[in-house]
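Report on the structure
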There are 2 protein chains.
Amino acid sequence: MNAKTNTNRRLSPEDREQQILEGAVKFFAEKGFSGQTRELALQLGITQPLLYRYFPTKRSLIERVFEEAYINKLDPEWSVALTDRSQSLHKRLCTFYCNYSEATYRNEWIRIYMFSALMEEPLNRHYIGLVEEQILTPICIELRDYCGLPKVDISPISQIELDHIWVMHGGLFYHAIRKHIYRSRVSNDFEEIVSRAVSTMLEGSKAAQS
Amino acid sequence: MNAKTNTNRRLSPEDREQQILEGAVKFFAEKGFSGQTRELALQLGITQPLLYRYFPTKRSLIERVFEEAYINKLDPEWSVALTDRSQSLHKRLCTFYCNYSEATYRNEWIRIYMFSALMEEPLNRHYIGLVEEQILTPICIELRDYCGLPKVDISPISQIELDHIWVMHGGLFYHAIRKHIYRSRVSNDFEEIVSRAVSTMLEGSKAAQS
DNA sequence: GTTTTTATTTATCATCTGATAAACTAATTC
DNA sequence: GAATTAGTTTATCAGATGATAAATAAAAAC
């Protein structure tokens, strides 16, 4: 963009650091973490050594990119809303997935997430733990109630129940993979897809009981 | 493994090429395509220049890895079996996904697939086209029949119908992503997961009509 | 307006990495 | 068994790449 426009030369350290960080998120999301510092600098319209004024190593910049991409993505409020039985489970799940997708099914996030997973960065594992604990297990509990099955304190949520919900969760996540990683043409009406996926899961799970 | 065992020195060109290719599949599946030729050679127990006796460039080796990973993975017979209405749709889908997963939900395949998709290799796009055409569209057609909806020649399969099936398909694929990319603990009883996902999709889709 | 400070650039290093050429050696040929 | 062929290794190159130090220039201080 502003590769040669000397518009914003000599920024304050805070602004420059922020600009580099934002540029690095976009850059590494596109190229992966083997992307080169010179190319990143070029894209930012600065020289490569300037990166090292703000980040001691390439690795340290990548770590900051992780932080930037991951913080404040899971709103604890959502878990609470998921278990609020004053609303229908269908409604709750649709609301949740619309919020959740808006926060995480973004180009940079999805791509950095997949790159980091392939590189076995610890953040992926940590995030998976959070998802299972704060989202999928609550959904399993609500689904038990919805289907008239025993409560959690009678028998804990099994791996197969979790994996069953993972299929819906993963199916919706996969929509974002198709869009941002495969770059396929996908339907833009994600709300409709969520609504259908949720209805299908709820009705299908109930039907499977009988 | 046999990094220093001079057991299989001086192989025939065919054997050596095959050995390098197999090693390269494993290596690039693990490290991604920015993995280095020296490390690959070390893992193979040969010297790095020997690679260039069999493959003129690193890129050409990677191309061969793609070919190796992708050929003969989709059996055309499966598409035929999917539309054989002498069996229940549930049975057909379960059989298909068990065959399909056995062929493609393998560690090397899944990881190379995702690396190549992130790198925007054309193979991914090509493969997606095949899946939509030979698998998902047939399933949509069968699902129409199952739900008592109009035939394809009345109204063509819409993007939203395709995306709906993509959720199930992606959900099952995501199981393999969790296993081989996230390396999470997942249920090994994949047949059970397939059976549940298929039942849920079928019953859910039917219920959504009423 | 001169001096001081500091953000940024230019020049450069050391190592890595894909690739090549020559040397070596284990088979094969005669 | 000597000569030839061919698979493999050693030595090495050229460009790429992360990182550093010195030079430059824009802003701040006085």
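Residues numbered from 1 in each chain as written. Chains lettered and ligands numbered in written order. Predicted model: local features only at pLDDT ≥ 70, side-chain atom pairs only at ≥ 80, totals over all residues. Heavy atoms only, no water.

1. Let's talk about the protein's contact with DNA strand D
Heads up, the condition is: Any residue with a heavy atom positioned within 4 Å of a molecule or strand is treated as near that molecule or strand. Definition of a polar contact: a pair of N or O atoms within 3.5 Å, with one able to donate and the other able to accept a hydrogen when the atoms are protein atoms, and with sequence-neighbouring residues admitted only if both atoms are side-chain atoms. Strands are runs of DSSP state E lasting at least two residues, helices are runs of H or I lasting at least four, and both sets are numbered from the N terminus onward. Residues were grouped as follows: Ala, Val, Leu, Ile, Met, Phe, Trp, Tyr, Cys and Pro as nonpolar; Asp, Glu, Lys and Arg as charged; and all remaining residues, including Gly, as polar.
Near DNA strand D you find 21 residues, and of these Q36 and K58 of chain A together with L11, R16 and Y54 of chain B are the closest. Residue R16 of chain B places a side-chain N or O atom 2.5 Å away from a phosphate oxygen belonging to DNA strand D. Among the elements that line the surface near DNA strand D, the one with the most residues is helix α3 (residues 48-54) of chain B, at 4 residues. For the surface near DNA strand D, the per-class residue count stands at 7 nonpolar, 6 polar and 8 charged.

2. Observations concerning the protein's contact with DNA strand C
Neighbouring DNA strand C are 20 residues; L11, R16 and Y54 of chain A together with Q36 and K58 of chain B lie closest to it. In DNA strand C, the atoms that sit within 4 Å of the protein are 57% sugar and phosphate, with bases accounting for the remainder. Of all the secondary structure elements, the ones that give two or more residues to the surface near DNA strand C are α1 (13-31) and α3 (48-54) of chain A together with α2 (37-44) and α3 of chain B. When residues in the surface near DNA strand C are grouped by element, the largest group, 4 residues, is from α3 of chain A. Classifying every residue of the surface near DNA strand C by side-chain character gives 7 nonpolar, 6 polar and 7 charged.

3. Side note on the interface of chain B and chain A
It is common to give the size of an interface as the accessible area lost on bringing the parts into contact. This is how the line gets drawn: By definition, residues are in contact when any of their heavy atoms lie within 4.5 Å. Put simply, buried area is the surface a 1.4 Å probe can reach on two separate parts but cannot reach once they are joined, added for both. One side-chain nitrogen of Lys or Arg within 4 Å of one carboxyl oxygen of Asp or Glu is enough to make a salt bridge.
The partner chain A presents 45 residues to the 45 residues of chain B that form the contact. Carbon and sulfur atoms make up 64% of the surface buried where chain B meets chain A, a total of about 4100 Å² over both sides. In terms of surface lost to chain A, no three residues of chain B exceed L118, Y174 and Y182 of chain B, which account for 17% of the buried area on that side. The salt bridge involving R178 of chain A is made with E132 of chain B; its shortest N-O contact spans 3.9 Å. In this structure, the connection of chain B to chain A is made through 12 residue pairs in polar contact (both at pLDDT 80 or more).

4. Some thoughts on the domain arrangement of chain A
All names here are of chain A. Put simply, the rule is: Where each domain starts and ends comes from a domain assignment, either automatic or drawn from a database.
Segmentation of chain A into domains returns domain 1 (6-68) and domain 2 (72-209). The gap between the C-alpha centroids of domain 1 and domain 2 is 33 Å. Every contact between the two is made by 12 residues of domain 1 and, on the other side, 11 residues of domain 2. Regarding the contact of domain 1 and domain 2, the summed buried area is about 940 Å², with carbon and sulfur atoms giving 65% of it. Considering only the surface of domain 1 that becomes buried against domain 2, A29, F33 and F66 emerge as the three largest contributors, covering 52% of it. In this assembly, domain 1 and domain 2 are joined by 2 salt bridges. One salt bridge in this structure joins R183 and E30, with 2.9 Å as the shortest N-O distance. Viewed at the interface, domain 2 and domain 1 are joined by 4 residue pairs in polar contact (both at pLDDT 80 or more).

5. With respect to the relation of the copies chain B and chain A
Put simply, the test is: Copies overlap after least-squares fitting; the atoms used are the C-alpha atoms of residues with pLDDT of at least 70 in both.
Overlaying chain B with chain A gives an RMSD of 0.1 Å, the required rotation being 180 degrees about an axis along which the chain moves by 0.0 Å. Given the turn and translation reported, the copies of this chain are related as if by a two-fold rotation axis. Of the C-alpha atoms belonging to chain B, the one lying closest to the rotation axis is found on G171 of chain B, 1.8 Å away. Both copies share a contact surface, since 100% of the interface residues of chain B are interface residues in chain A too.

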